[in-house]
Amino acid sequence: MTTKLTHALDLSQNYPRSPRATLAGFVVAARMLDKCRAEVAGTADEYHYNCPLDQMFFEFTEIDPENFKAFVATDADDDAVADWIKENGKSLSEEDIVLWNNSLRYKRISEMPKKLQVFLESYIQEVVPAGKIVYHWFDVYDIEEERI
């Protein structure tokens, strides 16, 4: 079942935000929200909500992905979702969040779980144009989605 959402992107026509974009102070969260809205609205195309990247956010914040999705389905705007994350997530210090953000922003492929390394080995060859260099995990998304 799909729901009409004012804030949902059609991900067959638009890219979700970069994983570097923040929401409620967290990297990944804005992108995850874009994908969640699109899934609820039936416009996710090839994007997947609650993928391994999203799961890292949920694990760190101790937020249940289904509860998050249920709130997003109310058509809450970004500010309301940010407030919801702060109210429903694990209590974290600014230092904890900054360290977590930086651990993801600058994560190299070789530092990822083996399963993701294996997946990304062929995925990078498929989506990253020749001559583009991937230094960090987030580069894959930003190169593929033409931000860098």
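Residues numbered from 1 in each chain as written. Predicted model: local features only at pLDDT ≥ 70, side-chain atom pairs only at ≥ 80, totals over all residues. Heavy atoms only, no water.

1. As for the nonpolar core
Grouped together as the largest cluster of nonpolar side chains are 42 residues, with contacts concentrated most on Leu23, Phe26, Phe57, Phe68, Ile85, Trp137 and Phe138. The element that contributes the greatest number of residues to this core is helix H1 (residues 29–41), accounting for six residues. With near-sequence residues (within four places) excluded, phenylalanine 26 lies in contact with Ala21, Phe57, Phe60, Thr61, Ile85, Leu92, Ile97, Trp100 and Asn101. (Core = buried A, V, L, I, M, F, W, Y, C linked by side-chain atoms within 4.5 Å. Buried < 20%, exposed > 50% of the residue type's maximum accessible area, 1.4 Å probe, protein only. Helix = DSSP H or I, 4+ residues; strand = E, 2+ residues; numbered from the N terminus. Contact = heavy atoms within 4.5 Å.)

2. Re the packing of aromatic side chains
Under the definition given, this model contains 14 aromatic pairs. A ring pair is formed by tyrosine 49 and phenylalanine 68, whose centres lie 6.3 Å apart and whose planes are at 20°; its orientation type is stacked. In this pair, tyrosine 49 is assigned in the loop between H1 and helix H2 (52–61) and phenylalanine 68 in helix H3 (residues 65–72), connecting sequence segments 19 residues apart. For the residue pair tyrosine 49 and phenylalanine 68, the accessibility class agrees, reading buried in each case. An angle of 5° between the planes, with centres 4.7 Å apart, marks the rings of phenylalanine 60 and tryptophan 100 as stacked. Here phenylalanine 60 is found in helix H2, whereas its partner tryptophan 100 is found in helix H5 (residues 94–105), with 40 residues between them in sequence. For tryptophan 100, a relative accessible area of 11% translates into the label buried. Members of the aromatic cluster, joined through ring pairs, are Phe26, Tyr49, Phe57, Phe58, Phe60, Phe68, Phe71, Trp84 and Trp100. (Phe/Tyr/Trp six-rings, centres within 6.5 Å; stacked < 30°, edge-to-face > 60°.)

3. What about the pattern of salt bridges?
Under the counting rule described, the total for this entry stands at 11 salt bridges. In this structure, lysine 35 and aspartate 54 form a salt bridge, with 3.2 Å as the shortest nitrogen-oxygen distance. One end of the pair, lysine 35, is in helix H1; the other, aspartate 54, is in helix H2, with 19 residues separating them in the sequence. Among the residues examined, aspartate 54 registers a relative accessible area of 0% and is labelled buried. (Salt bridge = Lys/Arg side-chain N within 4 Å of Asp/Glu carboxyl O.)

4. Comments concerning the packing of H1 against H2
Here H1 crosses H2 at 115°, and the two axes come no closer than 10 Å. For the element pair H1 and H2, the recorded crossing hand is left-handed. Counted together, Ala29, Arg31, Met32 and Lys35 of H1 and Leu53, Asp54, Phe57 and Phe58 of H2 form the full contact between these two elements. A class-by-class count of the residues in the contact of H1 with H2 yields five nonpolar, no polar and three charged. (Axes fitted to C-alpha atoms, helices over the stretch in contact; angles between N-to-C directions. Left-handed = near helix turned anticlockwise from the far one by under 90°. Nonpolar A, V, L, I, M, F, W, Y, C, P; charged D, E, K, R; others polar.)

5. A word on a negative patch on the surface
On the surface, Asp77, Asp79, Asp83 and Glu87 cluster together into a negatively charged patch. Inspection of the secondary structure assignment puts aspartate 77 in the loop between H3 and helix H4 (78–88). The exposure class assigned to aspartate 77 is partly exposed, which follows from its relative accessible area of 35%. (Patch = residues over 30% accessible without salt bridge, like charges linked within 9 Å, V, L, I, M, F, W, Y side chains within 5 Å. Areas by Shrake-Rupley, 256 points an atom, 1.4 Å probe, with all protein chains shown as cover. Lys, Arg positive; Asp, Glu negative; His and termini not counted. Charge placed at Lys NZ, Arg CZ, Asp CG, Glu CD.)

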